[in-house]
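Working through the structure, step by step
Here is what each chain is made of, one letter per residue.
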Amino acid sequence: MVSSFVKNAVTLVRDETASLLEKLSDQELKTFSAALMRKNGRLFFSGQGRSGLIAQMAAMRCMHLGLQTHVVGEATAPAIRSEDSLVLFSGSGTTLVSLHFAQIAQQLGAVILVVTRQAESPLAHMADHTLIIPAQSSTQFAGSLFEQGALLTFDALIAAIVSEHFIAFDAMQGRHTNLQ
């Protein structure tokens, strides 16, 4: 039997996440989706801490779509070039490592996509495309609501891309790891 404390916590997370998802900008979602599906270039994903884990999951989903995808910092990640895109996840939009990566990408002419909760942050101002996850207040610990919102939003973007571009789940499954 689940205690009332756990059930209340589940309800809180569900309600906060549902409220956040209702506030997403349709235009930002459409623009961000189109930027992910650019015909040329590769996608490089990064984030620090727990945002980095969300970035890795997003990179995996884009790989399942058949996009050329890399996670910054992995031993096999190549150099970013002008035709590529850098996708950064940062709740605060002030993470120094992410700002440094954005500066490098900007100097090389790469497209910068930022997922953040802070529209007026330095990282958002550097971005070519920004997806705001409006997780401004929460009773959950630290940036939990931002991370939950970023993950669910990105999974929704992938589902929309699959539908819009007629990508078959069989093709995606064929790209899923089999070394497990």
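The following paragraphs examine the structure supplied in this document. (Residues numbered from 1 in each chain as written. Predicted model: local features only at pLDDT ≥ 70, side-chain atom pairs only at ≥ 80, totals over all residues. Heavy atoms only, no water.)

1. Details of unusual backbone geometry
Defined as follows: Burial classification: accessible surface area is computed with a 1.4 Å probe over protein chains only, and a residue below 20% of its type maximum counts as buried, one above 50% as exposed, and the rest as partly exposed. Only DSSP runs of H or I reaching four residues or more are called helices, and only runs of E reaching two or more are called strands; each is numbered from the N terminus.
Non-glycine residue alanine 142 carries a positive phi angle of around 45°. Assessed through its relative accessible area of 57%, alanine 142 is described here as exposed. One non-glycine residue with positive phi stands out, namely phenylalanine 166, at about 55°. Mapping phenylalanine 166 onto the fold places it in the loop between helix H6 (144–164) and helix H7 (169–175). When its relative accessible area of 73% is taken as the criterion, phenylalanine 166 is described as exposed.

2. Concerning helix H1 (residues 4–22)
Under the convention used in this document: Helix span, expected: 1.5 Å multiplied by one less than the number of residues in the helix. The contact criterion used is simple: two residues touch if any of their non-hydrogen atoms lie within 4.5 Å.
Helix length check: H1 (19 residues) gives 27 Å between terminal C-alpha atoms against 27 Å at 1.5 Å per residue, within 8%. Residues of H1 that are buried make contact with H6.

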